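Structural characterization, general
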Amino acid sequence: MVTWEQVVVLGSALPSVEESTSYNTPALKVAGKTFARLRTEAEGALVVMCGLDEKEALLASGEAPFFTTDHYHGHGSILVHLELIDEVQLAEMLEDAWRIKAPAKVRKLRSVVKN
């Protein structure tokens with residue numbers, strides 16, 4: 001099971017990430033923009049930004065960690081059950097979400113770090 005603390009560690013490996021809040025819940029932001037946030041305990045799950053095509057593919061895959069609700073219909077984000085996702089897969093999703101929200105100059109920092 002992945003914990004919020006592990007999400008923070010994974011997200012903090014990316015440039016300019018800050019731990020913050022969004023809708024009064026813990027969140028990860030880049031340049032002030034949320035790319036992942038923990039929903040309330042009553043709601044459960046992690047909200048991760050993604051493209052609509054990716055969301056559709058993840059939901060169609062039928063993989064257990066991924067779901068959505070009517071509230072997120074048409075929104076570029078997917079809900080993830082932390083107790084069901086592999087840490088490696090989540091790290092990839094967080095990086096993709098970070099790329100969606102990070103400004104170009106910050107994304108370039110990631111390219112420099114990887115090379």
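Scroll up for the structure.
An account of the accompanying structure is given in this report. (Residues numbered from 1 in each chain as written. Predicted model: local features only at pLDDT ≥ 70, side-chain atom pairs only at ≥ 80, totals over all residues. Heavy atoms only, no water.)

1. Describing the pattern of salt bridges
Using the criterion set out here, one finds 1 salt bridge in the structure. For Glu-95, the salt bridge goes to Arg-99, with nearest N and O atoms at 2.8 Å. Pair noted here: Glu-95 and Arg-99 are both in helix α3 (residues 87-101), with a separation of 4 residues, about one helical turn. Residue class for Arg-99 comes out partly exposed when judged on its relative accessible area of 30%. (Salt bridge = Lys/Arg side-chain N within 4 Å of Asp/Glu carboxyl O. Helix = DSSP H or I, 4+ residues; strand = E, 2+ residues; numbered from the N terminus. Buried < 20%, exposed > 50% of the residue type's maximum accessible area, 1.4 Å probe, protein only.)

2. Description of the environment of Glu-54
Looking at where Glu-54 falls in the secondary structure, it is placed in helix α2 (residues 52-61). Distance from Glu-54 to Gly-76, taken between C-alpha atoms, is 8.7 Å for residues 22 residues apart in sequence.

3. With respect to the packing of helix α1 (residues 4-12) against α3
As a packed pair, α1 and α3 sit with axes 9 Å apart at the nearest point and diverge in direction by 50 degrees. Here α1 lies oblique to α3, going by the angle between them. Crossing geometry of α1 relative to α3 is assigned as right-handed. Where α1 abuts α3, its residues Gln-6, Val-7, Leu-10 and Gly-11 lie against Glu-87, Leu-90, Ala-91 and Leu-94. (Axes fitted to C-alpha atoms, helices over the stretch in contact; angles between N-to-C directions. Parallel < 35°, antiparallel > 145°, perpendicular 65-115°, else oblique. Left-handed = near helix turned anticlockwise from the far one by under 90°. Contact = heavy atoms within 4.5 Å.)

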